[in-house]
Amino acid sequence: MEQVGLVFGGGAVRGLAHLGVLKAFERHGIPVDTIVGTSMGGAIGGLYAAGIPAGDIEDLLYHTPKYRLMDLGIRHRGLIGGNRIYHTVNELLKQHGKDELKIEDFPIRFKAVAVDLMQGKQVILDRGDLGTALRATTAFPGVFAPLVRGDQLLVDGGVLNNLPVQELKRKDVGLIIAVDVTREHEKKPPRNMIEVVYRSYSLMTAERKHTSLRLADIVIRPDVGHVSAFDFSKMADCIKAGEEAAELMMDELKAEVRRVRH
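Each chain carries its own residue numbering, running from 1 in the direction its sequence is written. Where totals are concerned, whole chains, interfaces and linings use all residues; where local detail is concerned, this predicted model gives features only for residues with pLDDT of at least 70, and gives and counts side-chain atom pairs only at 80 or more. The side-chain numbers reported here are obtained from all heavy atoms of the structure, hydrogens and water having been left aside.

Comments concerning helix α3 (residues 54-63)
Exposed residues in this analysis have more than 50% of their type's maximum accessible area, buried residues have under 20%, and partly exposed residues fall in between, with area computed by a 1.4 Å probe over protein chains only. Secondary structure elements are taken from DSSP: a helix is a run of H or I of four residues or more, a strand is a run of E of two residues or more, and numbering for both begins at the N terminus. The complete set of buried residues in α3 reads A54, I57 and E58. Buried positions in α3, seen along its axis, are confined to an arc of 100 degrees and lie on one side of it. In this description, the arc belongs to the directions extending from the helix axis to the C-beta atoms.

Shown next, in the form of structure tokens:
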């Protein structure tokens with residue numbers, strides 16, 4: 001049995017709080033046996049599951065100019081093509097000698113969640129190339145172009161399931177920890193087209209998120225509800241909020257980890 005499982009959901013910039021949670025886990029020696037993630041949670045979780053320390057992922061975020069992540073994708077069904085993000089992920093993996101490592105061989109078991117627009121169904125990506133999986137799970141509709149894979153058209157898994165707790169099977173995982181970085185519905189008007197799309201998308205997935213949370217043993221809720229989804233000036237705040245939220249629950253986390261590992 002895989003004792004400790006983490007579930008990371010979407011939230012755009014707010015999803016960087018997942019990285020803060022991992023930093024706190026590393027500091028206190030909290031083991032992680034399996035990670036399931038979608039959208040930004042899939043990106044952070046996948047890199048960590050491959051064996052890249054949280055601090056190195058953080059360095060990538062701070063030291064990669066945003067223009068290096070953006071390629072026009074209008075003719076490919078999105079404002080941003082997403083190929084530069086794919087190459088950036090692969091470069092980081094190469095720096096750590098993990099560019100040949102397949103998901104099924106990761107030190108931490110990993111599943112990324114995407115949605116196939118052709119079939120209208122959720123797709124689990126748990127084998128093969130990590131760059132491809134992260135390119136699919138972060139393809140926020142209307143912003144990033146979908147990933148074409150065979151006869152599939154893959155987009156952000158949050159379209160159907162923004163916190164995929166049920167992908168951790170109780171028979172396999174003794175302790176399920178979910179990190180909730182979504183915000184409650186806000187009354188301020190969206191500032192631009194992307195925020196209109198994201199607000200609509202969040203409303204559609206809100207009810208399923210509450211159902212998913214009931215399946216978790218522990219829910220960590222970083223204080224990021226005030227951060228707009230695409231406010232990249234708040235990256236450091238979100239990471240810090242994740243650390244602080246995990247620290248507040250550390251005694252409970254350690255006790256539960258001891259329970260399932262002995």
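Some thoughts on the packing of helix α2 (residues 40-49) against helix α5 (residues 130-137)
Convention adopted: a line fitted to C-alpha atoms gives each axis, helices being fitted over their contacting stretch, and angles between N-to-C directions are expressed from 0 to 180 degrees. Relative to each other, α2 and α5 sit at 165 degrees, their axes nearing to 9 Å. It follows from the interaxial angle that α2 and α5 lie roughly antiparallel. Crossing handedness for the pair α2 and α5: right-handed. Here G42, A43, G46 and L47 of α2 lie close against α5, whose contacting residues are L130, L134 and T137. Note that Gly is not counted as nonpolar here; it falls among the polar residues with everything else outside the nonpolar set of Ala, Val, Leu, Ile, Met, Phe, Trp, Tyr, Cys and Pro and the charged set of Asp, Glu, Lys and Arg. Here the residues of the contact of α2 with α5 are counted per class, giving four nonpolar, three polar and no charged. Throughout this description, any angle smaller than 35 degrees is read as roughly parallel, any larger than 145 degrees as roughly antiparallel, any in the 65 to 115 degree range as roughly perpendicular, and the remainder as oblique. Two helices that cross are described as forming a left-handed crossing if the nearer one is turned anticlockwise from the farther one by less than a right angle, and a right-handed crossing if clockwise. Note on definitions: a residue-residue contact is assigned when non-hydrogen atoms from the two residues lie within 4.5 Å.

Things to note about the environment of K121
Note that K121 resides in strand β5 (residues 121-125). Overall, K121 belongs to the exposed group, its relative accessible area being 53%. Separated by 33 residues in sequence, K121 and L154 place their C-alpha atoms 9.8 Å apart. Those residues within four positions of K121 in sequence are excluded, and the remaining contacts are A114, V115, D116 and L160.

Side note on the packing of α3 against helix α7 (residues 235-248)
The contact between α3 and α7 brings their axes to 11 Å, and the two run at 165 degrees. Classified by the interaxial angle, the pair formed by α3 and α7 is roughly antiparallel. The element α3 and its partner α7 pack so that their crossing is right-handed. Along the contact surface, α3 presents E58, L61 and Y62, while α7 presents M235, A236 and I239. Its residues assigned to classes, the contact of α3 with α7 shows five nonpolar, no polar and one charged.

As for the nonpolar core
The nonpolar core is taken to be a set of buried Ala, Val, Leu, Ile, Met, Phe, Trp, Tyr and Cys residues, with the residues joined through side-chain atoms within 4.5 Å. Counting 60 residues, the largest nonpolar core has F25, I35, L47, F110, L130, I177 and I220 as the members making the most contacts within it. Here L47 is in contact with I52, I57, V89, L92, L93, L130 and L134, once residues within four sequence places are set aside.

Points about unusual backbone geometry
The backbone of A12 sits at a positive phi, close to 55 degrees, despite the residue not being glycine. With respect to the helices and strands, the residue A12 is situated in the loop between β1 (2-8) and α1 (17-28). One non-glycine residue with positive phi stands out, namely S39, at about 60 degrees. Mapped onto the elements, S39 comes out in the loop between β2 (34-38) and α2. A relative accessible area of 9% places S39 in the buried class.

Quick word on the pattern of salt bridges
Salt bridges are defined by distance alone: a side-chain nitrogen of Lys or Arg within 4 Å of a carboxyl oxygen of Asp or Glu. Under the counting rule described, the total for this entry stands at 10 salt bridges. Put simply, E243 and K23 hold a salt bridge, and the shortest N to O gap is 3.3 Å. Of this pair, E243 sits in helix α7 while K23 sits in helix α1; the two residues are 220 residues apart in sequence, bridging distant segments of the chain. Here the salt bridges share partners, and the residues they tie into one network are K23, R27, E58, E243 and E247.

So, α5
Note on helix geometry: an α-helix contains 3.6 residues per turn, so any two residues three or four positions apart are oriented the same way. Summarising burial for α5: seven of the eight residues are buried, a large majority. Every buried residue belonging to α5 is among L130, G131, A133, L134, R135, A136 and T137, and all of these are buried.

Let's talk about the environment of P222
Here P222 shows up in the loop between β10 (218-220) and α7. The exposure class of P222 is buried, given its relative accessible area of 7%. For the pair P222 and T182, spaced 40 residues apart in sequence, the C-alpha to C-alpha distance is 9.3 Å. Filtering out sequence-adjacent residues up to four positions away, P222 remains in contact with A17, V179, D180, V181, A241, G242 and A245.

Section: the pairing of strand β8 (residues 152-156)
Of all five residues in β8, five are buried, a share of seventy percent or more. We treat two strands as partners when DSSP finds at least two bridges between them. As defined by bridge partners, strand β4 (residues 109-116) adjoins β8 across three bridges and the pair is classed as antiparallel. Of the residues in β8, the one forming a bridge with D116 is L154. Sheet topology note: the strand β7 (residues 147-149)/β8 ladder contains three bridges and is antiparallel. Residue V148 lies in a different strand from β8, and its bridge partner there is L153. Here β7 folds back onto β8 in antiparallel fashion, the turn holding two residues, of which G150 has a positive phi close to 65 degrees.

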